Amino acid sequence: EHFDVPIAEVDILCASMSNSVASVGGFCVGGYDTIKHQRLSGAAYCFSASLPPYLSQASTTSLRVIDKEPQRVKRLQANAQRMRSKLAKLDALGLHLLGSSGDSDDLGSVSPLIHLRLDELDDASRYQAIVGAVKSAGAIVSATSYTVLEVDPPPPSLRVSVCAAHTDKQIDDCVAAIEAALKNT
């Protein structure tokens, strides 16, 4: 949709429900032959279990709301671009925005899931200190964490999630809280 590619030209669509509609799981859809192949070839690599009914209903309801109120998606994209643009300015403080800065019109600039990485890649305590300071200021960010079973975990990062209901003031306050936490931790 973002790049106006006709759906008939797309072989398979995959999406996560956990980040998009506050549920769990995900899905893949495509043509009959493609899905048949995926089902047969991917069985050994996939965990498959049905969602509890209340989560299925929550996902379905969320998708209906998105369909009826497309302005929510536009607002979410605008909020993501605003947040990314403001966070990109914290680069001089040693906090680096991963992905697009929000100043362009590429797909990454509208993603509401934002990761930020410090110069000190392995200082997990600093990430936690920033999370605590931002929380004390009234905003929520999280630090990524991985289990000891992770074979090759990526470096730690802060994660910011933007939603359509955020106001410009809330976004500005969140960025200000992150900036203050960077200077004081």
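For the structure, check the block above.
Residues numbered from 1 in each chain as written. Predicted model: local features only at pLDDT ≥ 70, side-chain atom pairs only at ≥ 80, totals over all residues. Heavy atoms only, no water.

### What to know about the sheet that holds strand E5 (residues 142-143)
Ordered by their spatial adjacency, four strands build an open sheet running E3-E4-E6-E5, and the pairing between neighbours is antiparallel. A strand with exactly one partner marks an edge of an open sheet, and here the two such strands are strand E3 (95-97) and E5. The sheet contact formed by strand E4 (residues 113-118) and strand E6 (residues 158-161) spans four bridges and is antiparallel. Bridging across to E6, Leu116 finds its partner in Leu158. Each of E4, E5 and E6 touches helix H5 (residues 124-136); the most contacted strand, E4, lies at about 130° to it. (Pairing = 2+ DSSP bridges. Helix = DSSP H or I, 4+ residues; strand = E, 2+ residues; numbered from the N terminus. Contact = heavy atoms within 4.5 Å. Axes fitted to C-alpha atoms, helices over the stretch in contact; angles between N-to-C directions.)

### Describing the pattern of salt bridges
Note on pairing: side chains with opposite charge can pair once their charged atoms come close. Throughout the structure, instances matching the rule amount to seven salt bridges. A salt bridge links Asp168 to Arg75; its shortest N-O distance comes to 3.4 Å. Residue Asp168 is located in helix H6 (residues 168-184), and its partner Arg75 is located in helix H4 (residues 71-88); the two are separated by 93 residues in the primary sequence. The exposure class of Arg75 is partly exposed, given its relative accessible area of 31%. Across the salt bridge formed by Asp172 and Lys86, the nearest N and O atoms sit 3.7 Å from each other. Linking Asp172 in helix H6 with Lys86 in helix H4, this pair joins segments that are 86 residues apart in sequence. Its relative accessible area of 27% is what places Lys86 among the partly exposed residues. Members of the salt-bridge network, linked through shared partners, are Arg75, Arg82, Lys86, Asp168 and Asp172. (Salt bridge = Lys/Arg side-chain N within 4 Å of Asp/Glu carboxyl O. Buried < 20%, exposed > 50% of the residue type's maximum accessible area, 1.4 Å probe, protein only.)

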